Amino acid sequence: MSLPILTAVTDSVVEAGLVSAFDRHDLGVTVVRRCVDLPDLIAAATTGAARAALLSADLRRLDRESLARLAQAGVAVVGLISPGDEAGDRRLRQLGVVAVIATDATAQTVAAAVVEAAKALTTRPAIGPVSINHGFSDPVVGYGAMPPSALGEAGELDDERAGAPVAQGRIIAVWGPTGAPGRTTIALSLAAELADLGSSTLLIDADSYGGSIGQLVGLLEEAPGIAAAARAANQGTLDVPRLAVLCRDLGGGLRVLPGIARPSRWPELRPSALENVLDLSRRLAQFVIVDCGFCLEADEELSFDTSAPRRNGATLTVLAEADTVVAVTSAEPVGLVRFVRGLADLRELVPGVEPLVVVNRLRASVAGGDPRREIARALNRHTGAQPIALIPYDLASFDAAQAAGQLLRDIAPASPARAAIRDLATRLTGRTPRGQRRRLPARR
Amino acid sequence: MTDLAPAFGPGSLPDGRGSSGRSADPIIPPSPPARRLGRRGWRDTRLLFGVLLVLVSVVIGARLFATADRTAAWVAAKTNLPAGHVVTAADLVTVRAQLDDDTAARYYPGRRSNEVIGGTLARPVGKGELLSGGDFAGPDAGATRIVPVVVKAGRVPPLTPGDHVDVYVYQPAGAVDETDTSSGSGTSDGATSPSDVGTPAAGGAGAEVLVLHDVEFLGEQRIATGDRSLTLRVPVDAAIRAVAASQSERVDVVKLERDGRGQVGDTGPTAAQGYGR
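Computed from a prediction, not measured in an experiment: that's the story for all the values here.

(A) Focus on the overall build of chain B. Looking only at helices and strands, chain B features five helices and eight strands. Along its sequence from the N terminus, chain B presents helices and strands in the succession α-β-β-α-α-β-β-α-β-β-α-β-β. Counting across all 277 residues of chain B, residues that qualify as buried make up 21%.

Here it is, written out as structure tokens:
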């Protein structure tokens, strides 16, 4: 059976030649529509009439988002570039197009590539970014089962730095339910401690509701941060050096990628672009701590018939990309109930990997005589999970750090909250916390 | 313990601190340093500047005040000094005062206090008074004698050193002739004629005689009987009369009050008839 394809080639002579060649010979492909521009192509793709698309690298407004839409529609993409157009080739590959062919290739070669690409799409969940679909509708699947980058070989080979011993950093997503349990605080302190322990660390603020890391670390400028990174990723111009330039170095091995300045800018955090940002960030640091939003709901489907952008797509992307999820709960009863419900949603969303539960704002006044035991028992009963860290409520130290725009480790090095977070960081690096032996007897 | 880092053996990742740009790792590009709020320490440049400002102001102010101090040391009396006193170092003290040039020329500055020692005071000097050249007996001052005169209690008004007094003596056997009575120049106008009021009985009533006129009282000393021994400065010629008067048991001392021009006035009659014993 012949493969129905779409074409969107800017050079009309090349397009006409290809179409007539596909018509004349039985190359296994049939052109069902010659699209004039990108919206036409996407509209045709969403009808489900075609299974592959042939498009030019210089197609106007071609970006990662539109490729994601095509992939979601089940349309494989083959890129066409002018002979010797290296920039176009590189851009297409950075956007995630695997098959790129020069226009001087024979019609047989092009047809074979299209068939190959369509076949690849059916065997792999998506072209380009791994779980591209969760930008729009499907729940996240295969969490933790995928290698960090499914594009692995293709993506790295195309990189100019191919061959260099680039190691993959580990993404730790810090999530927590609604009600400000201290996600950002924990993420920031954890990143600071990891950096202090000697690991290069990158802290990304991907909270689409209230990013505040820039303010917490006392940044004087409103750095473009993750919005600029996502924009560059969407246009296919983001690489590791450019990502590094968008980060800000706090010294001591800690970098930050500030978040969006106001919640209304959430559409800039496109899931497909964010996925690319996270992939590249793995090559920038040993640990990538991502502060994400609280909301896991996907309620856009209730409001829109078509595929609307998901507000929580950024959070879902981060959780899907993460190697480790740290789930933060506040120690108050209300916070615990929210956490128990939120954790159920999280487990449903990302099956397979158990989030690491961190209890924040722990104090006896709200949890009873022995707060550690009470909270641990309650969490175990309702979620089946044991908290991995219990952070004492050291309001004065956190207040001082926030007021000064400094890190907790610099303002209150002896804070018990800092000690607990440092223990957590130490364990995340795979070492044994130093204070473990000393504290254990006191706990019993 | 839960193994939280299964994927990471040691050395599986590039050196951690390299990313901050400290090591020359070409693989991981550096990020621009963050422009952040500085940590607020007490060692602030503003604090330093403030302290410096205060110190400089204090130093400048102190120097300014030091130069603005135009006072100088002057020699003053430590205690009340009578006229005729020979000044010793113990009598003197230096005080600081600012005097204008005209006034300053009259007084002894502190550095010249040695010149004052050994000088004789021509007039009494009160405690704290600055010493001037006029206080001392100059070279043209005539020689004087210091004579004690014993006076019975009640026959002397309260006196302070420097007062000028007249001394009268009652002479029981004396008689007053007309020439004695009119010897004072003040009687020429007849204002105080002895015959005007209460003329004493003549003959055997004795006479009251002025023996010393306008002599300086220097000091007094109480003696055992309750009488007083007054020390007077008298001219050389009058010394013998003063000694003679002191022998008399009937001595009266009269204090001279000066008039508006600082004059003590005329002597008045130098002798008068007595009223008898």
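Having seen it, we continue.
(B) Highlighting the overall build of chain A. Each helix and strand in chain A was counted, giving 20 helices and 13 strands. Considering chain A as a whole, with its 444 residues, one finds that 52% of them fall into the buried category. Nonlocal contacts in chain A, meaning residues at least 24 apart in sequence, comprise 74% of its contacts between residues at least 6 apart.

(C) Structural detail: the nonpolar core. Residue and element names in this part refer to chain A. Judged by nonpolar contacts, the single largest core of 94 residues is most densely connected at Ala173, Val174, Val277, Val290 and Val358. Ranked by the residues each element gives to this core, the list is headed by helix H7 (residues 183–196), at eight residues. If sequence neighbours within four positions are ignored, Val358 has contacts with Ile186, Val326, Ala327, Val328, Pro387, Ile388, Ala389, Ile391 and Leu424.

(D) Looking closely at the pairing of strand S2 (residues 29–34) of chain A. By the bridge criterion, five bridges tie strand S1 (residues 3–8) of chain A to S2 of chain A in an arrangement that is parallel. For Leu6 of chain A, the partnering residue across the bridge sits in S2 of chain A and is Arg33 of chain A.

(E) How the structure looks around the pairing of strand S9 (residues 254–257) of chain A. All names here are of chain A. Covered by surrounding structure in S9 are Leu254 and Val256 together with Arg255 and Leu257, the residues of both alternating faces. Pairing of strand S7 (residues 201–206) with S9, which is carried by four bridges, proceeds in the parallel orientation. Paired with Thr201 across the strands is Leu254, a residue of S9. As defined by bridge partners, strand S8 (residues 248–251) adjoins S9 across three bridges and the pair is classed as antiparallel. Counted as the bridge partner of Asp249 is Arg255 from S9. Counted along the chain from S8 to the antiparallel partner S9, the turn is two residues long, and its residue Gly252 has a positive phi close to 70°.

(F) Representation of the sheet that holds strand S5 (residues 99–102) of chain A in the model. Residues and elements named next belong to chain A. As summarised here, the arrangement of the five strands in space is S2-S1-S3-S4-S5, forming an open sheet in which the pairing is parallel. Pairing within the sheet leaves two strands with one partner each, and these edge strands are S2 and S5. When the angles between neighbouring strand axes are averaged without regard to direction, this sheet yields 30°. Across the sheet, helix H5 (residues 107–123) is in contact with S1, S2, strand S3 (52–56), strand S4 (76–81) and S5; its angle to S4 comes to roughly 150°.

(G) Summary view of unusual backbone geometry. Phi is positive for Arg61 of chain A, which is not a glycine, with a value near 65°. By secondary structure assignment, the location of Arg61 of chain A is in the loop between S3 and helix H3 (64–72). Within the chain, Asp214 of chain B stands out as a residue other than glycine whose phi angle is a positive 55°. Residue placement: Asp214 of chain B occurs in strand S5 (residues 207–222). Accessibility expressed as a C-beta count within 10 Å gives 13 for Asp214 of chain B, which makes it partly exposed.

(H) Main features of the packing of helix H1 (residues 12–24) of chain A against H5 of chain A. Residue and element names in this part refer to chain A. Across the interface, H1 lies against H5 with an axial gap of 10 Å and an inter-helix angle of 80°. Judged by the inter-axis angle, H1 sits roughly perpendicular to H5. Here Leu18, Ala21 and Phe22 of H1 come into contact with H5, specifically with Ala107, Val110 and Ala111. Of the residues assigned to the contact of H1 with H5, the class counts are six nonpolar, no polar and no charged.

(I) Quick peek at the confidence of the model for chain A. Residue and element names in this part refer to chain A. This prediction gives chain A a mean pLDDT of 84; 86% of its residues lie at or above 70. Here residues 125–166 scores under 50 on pLDDT; set against residues more than four positions off or in separate chains, the count is 77 contacts. The low-confidence segment residues 436–444 (pLDDT under 50) makes one contact with residues lying over four places distant or belonging to another chain.

(J) The arrangement of the environment of Gly293 of chain A in detail. Take Gly293 of chain A: it is sitting in the loop between strand S10 (287–292) and helix H12 (300–303). Considering only alpha carbons, one finds Gly293 of chain A and Arg311 of chain A, 18 residues apart in sequence, at a separation of 9.9 Å.

(K) Highlighting the sheet that holds strand S13 (residues 387–392) of chain A. All names here are of chain A. The mixed open sheet is built from eight strands, whose spatial order is S8-S9-S7-S10-S6-S11-S12-S13. Of all the strands in the sheet, the pair left with one neighbour each is S8 and S13. Neighbour to neighbour, the strand axes of the sheet diverge by 20° on average, direction disregarded. Relative to strand S12 (residues 356–362), strand S11 (residues 324–330) runs parallel, the two being bridged by five bridges. For Ala327, the partnering residue across the bridge sits in S12 and is Val357. Sheet strands touched by helix H9 (residues 225–235): S7 and S9. Its angle to S7, the strand with the most contacts, is close to 85°.

(L) Molecular detail of the environment of Ile240 of chain B. Residues and elements named next belong to chain B. Here Ile240 shows up in helix H5 (residues 239–247). Its 13 C-beta neighbours within 10 Å are what place Ile240 among the partly exposed residues. In the structure, Ile240 is positioned 95 residues away from Arg145 in sequence and 9.7 Å away in space, judged by C-alpha atoms.

(M) Expanded view of the packing of helix H11 (residues 271–281) of chain A against helix H13 (residues 313–321) of chain A. All names here are of chain A. Running from N to C, H11 and H13 point in directions that differ by 35°, and their axes come no closer than 9 Å. Considering how the two elements wind past one another, H11 and H13 form a crossing that is right-handed. Across the interface between the two elements, Pro271, Leu274, Glu275 and Leu278 of H11 pack against Gly313, Ala314, Leu316, Thr317, Val318 and Glu321 of H13. Here the contact of H11 with H13 is composed, by residue class, of six nonpolar, two polar and two charged.

(N) Structural view of the confidence of the model for chain B. Residues and elements named next belong to chain B. In the predicted model, chain B carries a mean pLDDT of 77, and the fraction of residues at 70 or more is 78%. Highest mean pLDDT in chain B belongs to helix H1 (residues 45–68) (93); lowest belongs to helix H4 (residues 178–181) (51). Across residues 180–196, confidence stays below pLDDT 50; counting only partners more than four residues off in sequence or on other chains, it has 24 contacts. This complex was scored by the predictor with a pTM of 0.62 and an ipTM of 0.72.

Rules and cut-offs
Residues numbered from 1 in each chain as written. Chains lettered and ligands numbered in written order. Predicted model: local features only at pLDDT ≥ 70, side-chain atom pairs only at ≥ 80, totals over all residues. Helix = DSSP H or I, 4+ residues; strand = E, 2+ residues; numbered from the N terminus. Buried ≥ 20, exposed ≤ 12 C-beta atoms within 10 Å, placed from the backbone. Contact = placed C-beta atoms within 7 Å. Core = buried A, V, L, I, M, F, W, Y, C linked by C-beta atoms within 7 Å. Pairing = 2+ DSSP bridges. Axes fitted to C-alpha atoms, helices over the stretch in contact; angles between N-to-C directions. Parallel < 35°, antiparallel > 145°, perpendicular 65-115°, else oblique. Nonpolar A, V, L, I, M, F, W, Y, C, P; charged D, E, K, R; others polar. pLDDT = per-residue confidence, 0-100. Left-handed = near helix turned anticlockwise from the far one by under 90°.

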